[in-house]
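Structural features, examined
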Amino acid sequence: MLELDDLRRQWQQPEPAAPPINQAALSRLLAQRSDGLVEKMRRNARWELGFVVVMAVAMPLIIRFASNFLERAQVVSLFLVSLVMLGYYYRKLAMLKQMTQPEGHVLGNLRRLSAGLRSMLRFNYRLTLAMPPASLLLAFEFVAGKEWGRPGGVRIGMLLGLGAALLVLGLLLQWAVVRAARWYLQRLYGQHLDRLEASLHELADAEPAR
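Residues numbered from 1 in each chain as written. Predicted model: local features only at pLDDT ≥ 70, side-chain atom pairs only at ≥ 80, totals over all residues. Heavy atoms only, no water.

1. Details of the layout of surface pockets
If you add up the space inside the largest pocket, you get close to 440 Å³. Considering the residues around the largest pocket, the lining is formed by 18 residues, among which F51, M85, Y89, N124 and T128 are closest to the centre. Of all the elements in the fold, those that place two or more residues in the lining of the largest pocket are helix 2 (23-62), helix 3 (69-100), helix 4 (106-148) and helix 5 (156-204). Considered class by class, the residues forming the lining of the largest pocket number 15 nonpolar, two polar and one charged. (1 Å grid on protein atoms, 1.4 Å probe; cavity = no way out; pocket = protein on both sides within 12 Å on 5 of 7 lines; lining within 4 Å. Points joined across faces, edges and corners; volume = space filled by probe spheres on them. Helix = DSSP H or I, 4+ residues; strand = E, 2+ residues; numbered from the N terminus. Nonpolar A, V, L, I, M, F, W, Y, C, P; charged D, E, K, R; others polar.)

2. Observations concerning the pattern of salt bridges
Pairing between side chains of opposite charge can happen when the charged atoms of each approach one another. Counting across every chain of the model gives four salt bridges. Here R118 ties to D194 by a salt bridge, and the two come within 2.5 Å at their closest N and O atoms. With R118 in helix 4 and D194 in helix 5, the pair connects residues that are 76 residues apart, well separated along the chain. The closest approach of N and O atoms between E197 and R118, which form a salt bridge, is 3.1 Å. Taken as a pair, E197 in helix 5 and R118 in helix 4 lie far apart in primary sequence, 79 residues in all. It is possible to trace a salt-bridge network through shared partners that takes in E39, R42 and R46. (Salt bridge = Lys/Arg side-chain N within 4 Å of Asp/Glu carboxyl O.)

3. Examining a nonpolar patch on the surface
Residues V53, V57 and L61 make up a contiguous nonpolar surface patch of about 250 Å² in total accessible area. Following the sequence through the fold, V53 ends up in helix 2. (Patch = residues over 30% accessible without salt bridge, like charges linked within 9 Å, V, L, I, M, F, W, Y side chains within 5 Å. Areas by Shrake-Rupley, 256 points an atom, 1.4 Å probe, with all protein chains shown as cover.)

4. Some remarks on the confidence of the model for the protein chain
For the protein chain, mean pLDDT is 80; residues scoring 70 or higher make up 77% of the total. For the protein chain, the element scoring lowest by mean pLDDT is helix 1 (residues 2-12), at 44; helix 3 scores highest, at 90. Every residue in residues 1-8 is under pLDDT 50, and counting partners more than four places away or in other chains gives zero contacts. Overall, residues 10-23 carries pLDDT values under 50, and its contacts beyond four positions in sequence, including any with other chains, amount to twelve contacts. (pLDDT = per-residue confidence, 0-100. Contact = heavy atoms within 4.5 Å.)

5. Side note on the packing of aromatic side chains
Following the criterion strictly, the structure yields three aromatic pairs and no others. Centre to centre, the rings of Y88 and F123 are 5.8 Å apart; their planes meet at 35°, and the pair counts as tilted. Placement of Y88 in helix 3 and of F123 in helix 4 is noted, with a sequence separation of 35 residues between them. Take Y88: its relative accessible area is 5%, and that puts it in the buried class. (Phe/Tyr/Trp six-rings, centres within 6.5 Å; stacked < 30°, edge-to-face > 60°. Buried < 20%, exposed > 50% of the residue type's maximum accessible area, 1.4 Å probe, protein only.)

6. Comments concerning helix 3
Every α-helix winds through 3.6 residues per turn, so residues three or four apart in the chain are directed the same way. Between the first and last C-alpha of helix 3 there are 47 Å, a value that for 32 residues agrees with the 46 Å anticipated at 1.5 Å per step. Capping the start of helix 3, N68 holds a side-chain oxygen 3.1 Å from the backbone nitrogen of L70, two or three residues further along. (Expected span 1.5 Å × (residues − 1). Polar contact = N/O pair within 3.5 Å; in protein donor to acceptor, adjacent residues only side chain to side chain.)

7. Quick look at the environment of L107
Structurally, L107 can be placed in helix 4. Look at L107 and you get buried, because its relative accessible area is 1%. With 96 residues separating them in the primary sequence, L107 and L203 have C-alpha atoms 8.3 Å apart.

Structure below.
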């Protein structure tokens, strides 16, 4: 009977609370969880940077083969975009490198860097969405400019028909670009950021109170 009473008292006692994780242990755990995810994003960014470098070098060589203003304008536009993207990927790789070398308050720094990377992905997404409409508008302006200089006069019906066709094409193209850009960015970066941020939220509760 005495043994049953002892067992009952032991059962009713609360389990001892786990000791809070200290900053050093939190840093090691964050490093273990984030290194693989960040390295995957760095590898993807390097591949993209290599493609942009090739495009930046190729555009000045291709422009000599452009036969009209529209083609030259498209090549120049791609060259300017490639220059912008060179700076973009330089910043992205620098930010990803900082993620592998967190200093100070590890959890806070990784949160800040993750938010910054999310902001850069949004910039990439918006720039991608802006390119198809800009290209179609440039094509329409080129045709309209030739029409205004046409000896027989401007063919208003043709321009309206072309504008309507480009509008429909633009809507279809934009729908496809939206889906492709979301899938592409999610596959290369989004899914890894999601997992990293989930780990940060999970470990936030384990951080010792200041």
